[in-house]
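Each chain, letter by letter, is given below.
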Amino acid sequence: MKLLEEKIISDGLILDGDILKVDNFLNHQMDTRLLDEMGKEFKRLFNDKKITKILTIESSGIGISVMASRYFDYCPVIFAKKGKSANVTGDVYECRERSYTRNVDYNVQVSKKYLDSSDTVLIIDDFLANGEALNALISICHDAKANIAGCGIVITKAYQKGEKRILDMGIEVKSLARIVEMKDGEIKFG
């Protein structure tokens, strides 16, 4: 998605530790017009799927998923919680996830009343690097016996193992911006 690539080049910052900081338009402050365009693009990419739910993980994927939902007939958006929450009660699907940027483990949870075998799920997330968050969401979908339509990713670091990991599972991955190299302050897309 050319618009997103241009925004990454103009407003993104490369930090030590192979971190791409895009918090001024994606995951702290949100450029809602850009998110709306992302939602349209996810619809174009997954138009042939009959999506019944969008699944993401808190918190950065929520805004993107809500905007995308508009283009999938306002299907419900479920966001997996990281850790125990007083407002998630009853039976839950659970999986461990290691956060790349925070270097901590989370116990990811989704209430069983919101996801089941009748669902066709589009998983959406802001970044794909090592694939830990996606792996947790995929595991939850498998536990629920839900059909996974694919994974919609805003930014994929294609030089890390996550994309291959998910594709090797036989799950379709569509990225709006695919970074093949970040080096010396420069970003290459491909």
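Refer to the structure printed above.
Here is what the cut-offs are and how they apply
Residues numbered from 1 in each chain as written. Predicted model: local features only at pLDDT ≥ 70, side-chain atom pairs only at ≥ 80, totals over all residues. Heavy atoms only, no water. Helix = DSSP H or I, 4+ residues; strand = E, 2+ residues; numbered from the N terminus. Rg over C-alpha atoms; globule rule 2.2 N^0.38 Å. Contact = heavy atoms within 4.5 Å. Areas by Shrake-Rupley, 256 points an atom, 1.4 Å probe, with all protein chains shown as cover. Lys, Arg positive; Asp, Glu negative; His and termini not counted. Charge placed at Lys NZ, Arg CZ, Asp CG, Glu CD. Axes fitted to C-alpha atoms, helices over the stretch in contact; angles between N-to-C directions. Parallel < 35°, antiparallel > 145°, perpendicular 65-115°, else oblique. Left-handed = near helix turned anticlockwise from the far one by under 90°. Nonpolar A, V, L, I, M, F, W, Y, C, P; charged D, E, K, R; others polar. Pairing = 2+ DSSP bridges. Expected span 1.5 Å × (residues − 1). Buried < 20%, exposed > 50% of the residue type's maximum accessible area, 1.4 Å probe, protein only.

Draft legend 1. Just the overall build of the protein, in detail. Along its length, the protein carries 6 helices and 10 strands. Taking 2.2 N^0.38 as the reference for a compact globule, 190 residues should give roughly 16 Å; the C-alpha atoms of the protein span a radius of gyration of 16 Å, in line with that estimate. Expressed along its principal axes, the backbone C-alpha trace of the protein runs to roughly 50 × 35 × 30 Å. Put simply, 62% of the contacts in the protein that link residues at least 6 apart link residues at least 24 apart. Roughly 9,500 Å² of accessible area belongs to the protein as shown, and the carbon and sulfur atoms make up 46% of that amount. Here the protein holds 28 positive side-chain charges and 29 negative ones, and the gap between their average locations is 3 Å.

Draft legend 2. Region of the structure containing the packing of helix H3 (residues 32-45) against helix H4 (residues 60-69). Axis separation between H3 and H4 bottoms out at 8 Å; the angle between their running directions is 60°. It follows that H3 is oblique to H4 by the angle criterion. Taken as a pair, H3 and H4 cross one another with a handedness that is right-handed. Contact residues: H3 offers Thr32, Leu35, Asp36, Gly39 and Phe42, while H4 offers Gly63, Ile64, Met67 and Ala68. Tallied by class, residues from the contact of H3 with H4 come to 5 nonpolar, 3 polar and 1 charged.

Draft legend 3. Here's a closer look at the environment of Asp91. Mapping Asp91 onto the fold places it in the loop between strand E4 (77-82) and strand E5 (92-98). Separated by 78 residues in sequence, Asp91 and Met169 place their C-alpha atoms 27 Å apart. When sequence neighbours within four positions are dropped, the list of residues in contact with Asp91 reads Ser111 and Lys112.

Draft legend 4. A look at the pairing of strand E9 (residues 173-183). As paired strands, strand E8 (residues 147-157) and E9 are joined by 6 bridges and run parallel to one another. Bridge pairing links Cys151 to Val173 in E9. In this sheet, strand E10 (residues 186-189) lies alongside E9 in antiparallel orientation, the contact comprising 4 bridges. Within E10, the position partnered with Lys183 by the bridge is Glu186.

Draft legend 5. Inspection of the sheet that holds strand E6 (residues 105-111) at higher detail. Taking strand neighbours across the sheet as the criterion, the 8 strands line up as E5-E6-E4-E3-E7-E8-E9-E10 in an open arrangement whose pairing is mixed. With partners counted over all chains shown, the strands left at the sheet margins are E5 and E10, one partner each. Across the sheet, the mean angle separating the axes of adjacent strands is 30° when strand polarity is ignored. Packed on one face of the sheet, helix H1 (residues 2-11) meets E8, E9 and E10 and runs near 170° to E10. Where H3 meets the sheet, its contacts fall on strand E7 (120-128), E8 and E9, and the angle it forms with E9 comes to roughly 115°.

Draft legend 6. Fine view of helix H5 (residues 132-144). With 13 residues, H5 should reach 18 Å at 1.5 Å per residue; the first-to-last C-alpha distance of 19 Å fits that figure. Restricting attention to buried positions, one finds in H5 the residues Ala133, Leu134, Ala136, Leu137, Ile138, Ile140, Cys141 and Ala144. Once H5 ends, the next one or two residues include Lys145, with phi positive near 60°.

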